[in-house]
Amino acid sequence: MLTEKEQRIIDIIGSDVPKTQRGLAEALGFSLGMTNLLLRKLAGTGYLKVVHLNKKKLEYILTPKGLAEKIRKSYTYASRAISEFSFIRKIIQAEVLRAFDAGTRSFVLVGDNELADVVEQAISDLALAGARLDRISSLDKLGSRDGLILIAGPKAAGQFNGRKTTHILELLARQGLG
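Residues numbered from 1 in each chain as written. Predicted model: local features only at pLDDT ≥ 70, side-chain atom pairs only at ≥ 80, totals over all residues. Heavy atoms only, no water.

## Structural notes on the overall build of the protein chain
To be explicit about the condition: Only DSSP runs of H or I reaching four residues or more are called helices, and only runs of E reaching two or more are called strands; each is numbered from the N terminus. With the radius of gyration taken over C-alpha atoms, the globule rule is written as 2.2 Å times the number of residues to the power 0.38. Type-normalised accessible area, obtained with a 1.4 Å probe on protein chains alone, sets the label of each residue: buried when under 20%, exposed when over 50%, and partly exposed for intermediate values. Note on areas: these come from Shrake-Rupley sampling with a 1.4 Å probe, and a residue is covered only by the protein chains present in the view. Positive charges come from Lys and Arg alone, negative charges from Asp and Glu alone, with His and the N- and C-terminal ends not counted. For this purpose, a charge sits on NZ of Lys, CZ of Arg, CG of Asp or CD of Glu.
When helices and strands are tallied, the protein chain shows 6 helices and 6 strands. Ordered by position from N to C terminus, the α and β elements of the protein chain give α-α-α-β-β-α-β-α-β-β-β-α. At 25 Å, the protein chain has a C-alpha radius of gyration far larger than the 16 Å of a compact globule built from 178 residues. Overall, the protein chain is about 75 × 30 × 25 Å in size when its C-alpha atoms are taken along their principal axes. By the burial criterion, 37% of the 178 residues in the protein chain qualify as buried. Entry remark: accessible area of the protein chain is about 10,800 Å², with carbon and sulfur atoms responsible for 55%. Treating the 27 positive side-chain charges of the protein chain as one cloud and the 19 negative ones as another, the clouds have centres 8 Å apart.

Structure representation (structure tokens):
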């Protein structure tokens, strides 16, 4: 198993950063000595290959083993993100279904961000007959719209005059995702 610093080197080797020790050290914020030590260890364990450009200059490239480690990490990250995204959608859908079952047919989504996109897609996927979803970018455009107000962004201050509101970030935080 690679250390965090070793993993950072593996990650950056596949990018557009110069593959010299100095370029890697600057990009990673490591000292030149620490970078040298880590590169030697990674080369010695087969994650990197050292290519001599000239007498004084070396370049480092990923070996198949190094590339496999980078792919494994990316796959693990993507799998975790997809799982969390699915869980978030289920939480949002459960909240909307509770309101729908209680008689709410109108939903107002407030937000102009990625979370609002997720909320909108989660509600659309429910395909609730008779339900209406309006999306507005900010609370100042709320006007007299009725129904459950779903706020997809930072906690909003303002008057809701007794209207039902759900702050999506608070909802997710209660489920341990905030």
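Next, the rest of the story.
## Quick notes on helix α4 (residues 64–101)
What counts is decided by this rule: A helix is expected to span 1.5 Å for every residue after the first.
Taking 1.5 Å of rise per residue, 38 residues should cover 56 Å, and α4 covers 54 Å from first to last C-alpha, within 8% of that figure. By the burial criterion, the buried members of α4 are G66, E69, K70, I88, R89, I91, I92, Q93, E95, V96, A99 and F100. Count one or two residues on from α4 and you reach G103, which has phi positive near 105 degrees.

## As for the pattern of salt bridges
Where we set the bar: Salt bridge criterion: a side-chain nitrogen from Lys or Arg within 4 Å of a carboxyl oxygen from Asp or Glu.
One pass over the structure, following the stated rule, counts 10 salt bridges. K73 is paired through a salt bridge with D11; the nearest N and O atoms lie 2.6 Å apart. Of this pair, K73 sits in helix α4 while D11 sits in helix α1 (residues 4–13), and the two are 62 residues apart along the sequence. Here D117 ties to R135 by a salt bridge, and the two come within 2.9 Å at their closest N and O atoms.

## Here's the deal with the sheet that holds strand β3 (residues 106–110)
Definition in use: By this definition, two strands are paired if DSSP reports at least two bridges between them. Only C-alpha atoms enter the line fits that serve as axes; for helices the fit covers just the stretch in contact. Angles between N-to-C directions range over 0 to 180 degrees. Contacts are assigned to residue pairs with any non-hydrogen atoms lying within 4.5 Å of each other.
On the basis of which strands lie adjacent, the open sheet formed by 4 strands has the order β4-β3-β5-β6 and parallel pairing. Each edge of the open sheet is held by one strand with a lone partner, namely β4 (132–136) and β6 (165–167). Within the sheet, the average angular offset between the axes of one strand and its neighbour, ignoring direction, is 20 degrees. Two elements, β3 and β4, share 5 bridges in a ladder whose sense is parallel. Pairing of V108 across the sheet is with D134, part of β4. Running at roughly 150 degrees to β3, α4 makes contact with β3, β5 (148–151) and β6 of the sheet. Against the sheet, helix α5 (residues 114–126) engages β3, β4 and β5, with an angle of about 170 degrees to β4.

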